[in-house]
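Letter by letter, the chains look like this.
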Amino acid sequence: MAKNIRGTLIGSRLYRDDVLHEYPHVEEAIKRLPPNLMHERNWRILRALDHSTRKVYLPKEEWVSFEEDHEKGRYLQPYLKEVLAEMEEKKRWAQ
């Protein structure tokens, strides 16, 4: 299964953080994205959905490399860390 997911990510030009399950902390982190990152994320997702429904595959030269995904595909992580830290702090204050 992981092979299929990785192949889908590579072939659709999606980054790792584009396909995170949208738990409440992920949703909050997405809301905090700057407009340019939000626009780029939405564009990648819409493009992947369009290609998937039409069964169109990108040429290999447009696939996301492991290096590019590692470099640019973790764009949500700083916001996730911030949200998780805030949630943990709220939990401590509630005790």
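The written sequence of each chain sets the order in which its residues are numbered from 1. Residue-level local features of this predicted model are given only where pLDDT is at least 70; pairs of side-chain atoms are given and counted only at 80 or more, and the full residue set underlies all totals for whole chains, interfaces and linings. With hydrogens and water stripped out, all remaining heavy atoms of the structure feed into the side-chain values.

A. The arrangement of the overall build of the protein in detail. Only DSSP runs of H or I reaching four residues or more are called helices, and only runs of E reaching two or more are called strands; each is numbered from the N terminus. From N to C terminus, the protein includes 5 helices and 0 strands. What you see in the protein, going N to C, is helices and strands ordered as α-α-α-α-α. For the protein, with 95 residues in total, the buried portion stands at 27%. Contacts were defined at the residue level, with two residues in contact if any of their heavy atoms lie within 4.5 Å. By sequence separation, contacts in the protein at least 24 residues apart represent 84% of the contacts at least 6 residues apart. The cut-offs for exposure are 20% and 50% of the maximum accessible area for each residue type, with area from a 1.4 Å probe on protein chains only; residues under the lower value are buried, those over the upper are exposed, and the others partly exposed.

B. Molecular detail of the environment of E28. Residue position: E28 is located in helix α2 (residues 24–31). Considered as a pair, E28 and E82 are 54 residues apart in the sequence and their alpha carbons are 9.9 Å apart.

C. Seen up close, the packing of α2 against helix α5 (residues 77–94). Axis definition: a line fit to C-alpha positions, over the contact stretch in the case of helices; interaxial angles, taken between N-to-C directions, run 0 to 180 degrees. At a minimum axis distance of 9 Å, the contact between α2 and α5 shows a crossing angle of 125°. Viewed along their axes, α2 and α5 adopt a mutual orientation that is oblique. For the pair α2 and α5, the crossing hand works out as right-handed. On the side of α2, the interface is formed by H25, V26, E28 and A29, while α5 contributes Y79, L80, V83, L84 and M87. Throughout this entry, Asp, Glu, Lys and Arg are counted as charged residues, while Ala, Val, Leu, Ile, Met, Phe, Trp, Tyr, Cys and Pro are counted as nonpolar. The remaining residues, Gly among them, count as polar. Its residues assigned to classes, the contact of α2 with α5 shows 7 nonpolar, 1 polar and 1 charged. Each angle receives one of four descriptions, namely roughly parallel if under 35 degrees, roughly antiparallel if over 145, roughly perpendicular if within 65 to 115, and oblique otherwise. What makes a crossing left-handed is the near helix being turned counterclockwise from the far one by less than a right angle; a clockwise turn instead makes it right-handed.

D. Broad picture of helix α3 (residues 35–54). Take the residue count of a helix, subtract one, and multiply by 1.5 Å to get its expected span. The terminal C-alpha atoms of α3, which comprises 20 residues, lie 28 Å apart, in line with the 28 Å expected from a rise of 1.5 Å per residue. Taken as a whole, α3 has its buried residues at R41, R44, A48 and H51. Taken around the axis of α3, the buried residues stretch over an arc of 105°, which confines them to a single face. Opposite its buried face, α3 presents the exposed residues P35, H39, W43, L46, L49 and T53, each directed more than 90 degrees away. Phi turns positive one or two residues past the end of α3, at K55, with a value near 55°. The directions from the helix axis to the C-beta atoms are what the arc is built from.

E. Broad picture of the nonpolar core. If you look at the biggest cluster of nonpolar residues, it comprises 11 residues: Y15, V26, A29, I30, L33, V64, Y75, L76, Y79, L80 and V83. Secondary structure elements with two or more residues in this core: α2 and α5. By nonpolar core is meant a set of buried Ala, Val, Leu, Ile, Met, Phe, Trp, Tyr and Cys residues that side-chain atoms within 4.5 Å join together.

F. Here's a closer look at the environment of E22. Looking at the element boundaries, E22 is found in the loop between α1 (2–12) and α2. Given a relative accessible area of 40%, E22 falls into the partly exposed group. For E22, the residues in contact, after removing those within four places along its chain, are E27, I30 and R41. Residues adjacent in sequence count toward polar contacts only when both atoms are side-chain atoms; beyond that, a polar contact is any pair of N or O atoms within 3.5 Å, and within protein one must be able to donate a hydrogen and the other to accept it. In this structure the side chain of E22 is engaged in a polar contact, spanning 3.4 Å, whose partner is the side chain of R41.

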